[in-house]
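# Close look at the chain arrangement
Listed below, chain by chain, are the residues.
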Amino acid sequence: MRKKYGVLLLQLGTPDSPSVSDVRRYLSEFLNDARVIDIPWLLRKMLVNLIIVPFRAPKSAKVYKEVWTDNGSPLLFHSQNVEKELSKLLGDDFDVRLAMRYQNPSMDSVLAKMQKQQYEKLVILPLFPQYASATNGSAMEKALRIIQNWWVIPELSVVSQYYNEPGFIDTIIERAKKHNMDDYDHILFSYHGLPIRQVDKVYEEGLCEHRNCETEINEENRYCYKATCYATTRLIAEKLSLSSDSYTVCFQSRLDKKWLEPFADKEIIKLAKNGAKKLLVFSPAFVADCLETVVEIGTEYQEIFEEHGGEKVQLVESLNSHPMWIDTLAKMVKERV
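Residues numbered from 1 in each chain as written. Predicted model: local features only at pLDDT ≥ 70, side-chain atom pairs only at ≥ 80, totals over all residues. Heavy atoms only, no water.

In terms of regular secondary structure, the protein is built from eleven helices and eight strands. Taken over the C-alpha trace, the protein has a radius of gyration of 20 Å; the compact-globule value for 337 residues is 20 Å, and the two agree within 12%. Oriented by its inertia axes, the alpha-carbon framework of the protein measures out at about 60 × 50 × 45 Å. Here the protein holds 337 residues, and the buried ones make up 56% of them. Counting only contacts in the protein whose residues sit at least 6 apart along the sequence, the fraction spanning at least 24 positions is 76%. For the protein, the accessible area works out to roughly 15700 Å², and carbon and sulfur atoms hold 49% of it. In the protein, which carries 43 positive and 47 negative side-chain charges, the distance between the mean positions of the two groups comes to 5 Å. (Helix = DSSP H or I, 4+ residues; strand = E, 2+ residues; numbered from the N terminus. Rg over C-alpha atoms; globule rule 2.2 N^0.38 Å. Buried < 20%, exposed > 50% of the residue type's maximum accessible area, 1.4 Å probe, protein only. Contact = heavy atoms within 4.5 Å. Areas by Shrake-Rupley, 256 points an atom, 1.4 Å probe, with all protein chains shown as cover. Lys, Arg positive; Asp, Glu negative; His and termini not counted. Charge placed at Lys NZ, Arg CZ, Asp CG, Glu CD.)

If you want it as structure tokens, here you go:
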């Protein structure tokens, strides 16, 4: 039976295995994306292919081995569970498919199958809550680049971000209920970092630092990644009745000093030196547990914290395939068809 509506879930991607060759292939595709490393083409090719990938692939492969499970990559199997549960919830009229921006299941192969269905409407839903050109923008650009070659193009609806979606916030709150906020000396909201120049590009004039991105969302900054990260945090903090001095917004996975601050690892060290013993860490930029949450926060931050006198860094589990999150995705899809 032909489905009436298509739903394309987009995630970042993962190597096919933690082998050096597969990690090298993944990093090469990922880092050669002009929206990820936004520098002139020739310079990017030389930097990525001659310097970054050859040196980084063996190190990254070791880290991927830490996060790999019997089910494979956590990012992949959590996302596949979302695909399966959302498909069951939406029912027979919907064809729900998962594709990765980089590697497999590839967008080319998934959309080739979806093309045959000739839907009444296709909803494209990147699984990144806060808009960034390097994630949402890149994933949507590639999907639309493929679809533009279809002979029959259905009506399209693209979800560019949902940092303030009530169900998204409520599912995070539900995950947080496993933890007593009073048991922790401080709470961190750790988001993936971005180069400052990339958030500055959102604005026609001026820079991000000249806006009130830490305190408000307005017409100018509603697509600024920094502003939406802070907005997500404020919504969670309000629901949890957190005082402003009990938590800090920070950014992880930086490559150099010209990335969004404060840096998560530096905040961890500062808190430990100031006597904090137990930290609770939310990761609201990630809807599925992955290398950045399981290893970077769960393992590396724990080691950094202990080195400087702390005791426990507790990660709040990502949304993964929580029923409330599946309900939220279904609601977002139905609102668009």
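Quick look at a negative patch on the surface now. Taken together, Glu66, Asp185, Glu300, Glu303, Glu306, Glu307 and Glu311 make up a surface patch of like negative charges. A per-element tally of the negative patch places helix α10 (residues 291–307) first, with four residues. Positionally, glutamate 306 belongs in helix α10. With a relative accessible area of 47%, glutamate 306 lands in the partly exposed category. (Patch = residues over 30% accessible without salt bridge, like charges linked within 9 Å, V, L, I, M, F, W, Y side chains within 5 Å. Salt bridge = Lys/Arg side-chain N within 4 Å of Asp/Glu carboxyl O.)

Right, let's get into the pattern of salt bridges. Counting across every chain of the model gives 22 salt bridges. A salt bridge links lysine 142 to aspartate 108; its shortest N-O distance comes to 3.6 Å. On the criterion of sequence distance, the pair formed by lysine 142 in helix α5 (residues 133–147) and aspartate 108 in helix α4 (residues 107–115) is long-range, its members being 34 residues apart. Judged by relative accessible area, aspartate 108 falls into the partly exposed class, the value being 43%.

Moving on: the nonpolar core. Counting residues in each nonpolar core, the largest one holds 95 residues, and the members touching the most others are Leu8, Tyr225, Phe282 and Trp325. Examining the composition of this core, we find that seven residues originate from one element, helix α2 (residues 41–67), more than from any other. (Core = buried A, V, L, I, M, F, W, Y, C linked by side-chain atoms within 4.5 Å.)

For the rest of this paragraph, the subject is the packing of aromatic side chains. Under the defined criterion, the tally for this structure stands at 13 aromatic pairs. Arranged with centres 6.4 Å apart and planes meeting at 75 degrees, the rings of tyrosine 64 and tryptophan 68 form a pair that is edge-to-face. Note on phenylalanine 168 and tryptophan 325: the rings are 6.1 Å apart at their centroids and 55 degrees apart in plane angle, and the pair reads as tilted. With a gap of 157 residues between them, phenylalanine 168 in helix α6 (residues 166–176) and tryptophan 325 in helix α11 (residues 323–335) connect regions that are remote in the sequence. Taking the relative accessible area as the measure of exposure, phenylalanine 168 reaches 1% and is therefore buried. Chaining the aromatic ring pairs together yields one cluster made of Tyr26, Phe30, Tyr64, Trp68 and Tyr102. It is arginine 254 that lies over the ring of phenylalanine 263; its NZ or CZ is 4.2 Å from the centre. Lysine 278 extends its terminal NZ or CZ atom over the ring of tyrosine 184, reaching a point 5.1 Å from the ring centre. (Phe/Tyr/Trp six-rings, centres within 6.5 Å; stacked < 30°, edge-to-face > 60°. Lys NZ or Arg CZ within 6 Å of the ring centre and 35° of its normal.)

Attention now moves to the sheet that holds strand β7 (residues 278–282). If you trace the four strands from one edge of the open sheet to the other, you get β6-β5-β7-β8, paired in parallel fashion. Single-partner strands in this sheet number two, and they are β6 (247–252) and β8 (312–315). Put simply, the sheet's adjacent strands are angled 30 degrees from each other on average, direction ignored. Relative to β8, β7 runs parallel, the two being bridged by four bridges. Among the inter-strand pairings, leucine 279 is bridged to a residue of β8, identified as valine 313. Running over the sheet, helix α8 (residues 225–239) touches β5 (186–192), β6 and β7 and is turned about 145 degrees from β6. Most of the contacts of α10 go to β8, to which it runs at about 165 degrees, and overall it touches β5, β6, β7 and β8. (Pairing = 2+ DSSP bridges. Axes fitted to C-alpha atoms, helices over the stretch in contact; angles between N-to-C directions.)

Within the open sheet, the four strands sit side by side as β2-β1-β3-β4. Their pairing is parallel. A single partner strand is all that each edge strand has here, and the edge strands are β2 (94–102) and β4 (155–158). The mean angle between the axes of side-by-side strands here comes to 20 degrees, regardless of whether they run parallel or antiparallel. Sheet topology note: the strand β1 (residues 5–13)/β2 ladder contains eight bridges and is parallel. The partner of leucine 10 across the bridge, within β2, is alanine 99. Here helix α3 (residues 74–90) sits on the sheet in contact with β1 and β2, set at roughly 160 degrees to β2.

The final tally for this structure, using the stated rule, is zero disulfides. You can see cysteine 213 has no disulfide; the closest cysteine sulfur is in cysteine 208, sitting 3.7 Å from it. You can call cysteine 213 buried: its relative accessible area is 0%. (Disulfide = S-S within 2.5 Å.)

What follows deals with the pairing of β1. Summarising burial for β1: nine of the nine residues are buried, a large majority. Where β1 and strand β3 (residues 121–126) come together, six bridges link them in parallel fashion. Note on β3: the bridge partner recorded for glycine 6 is leucine 122.

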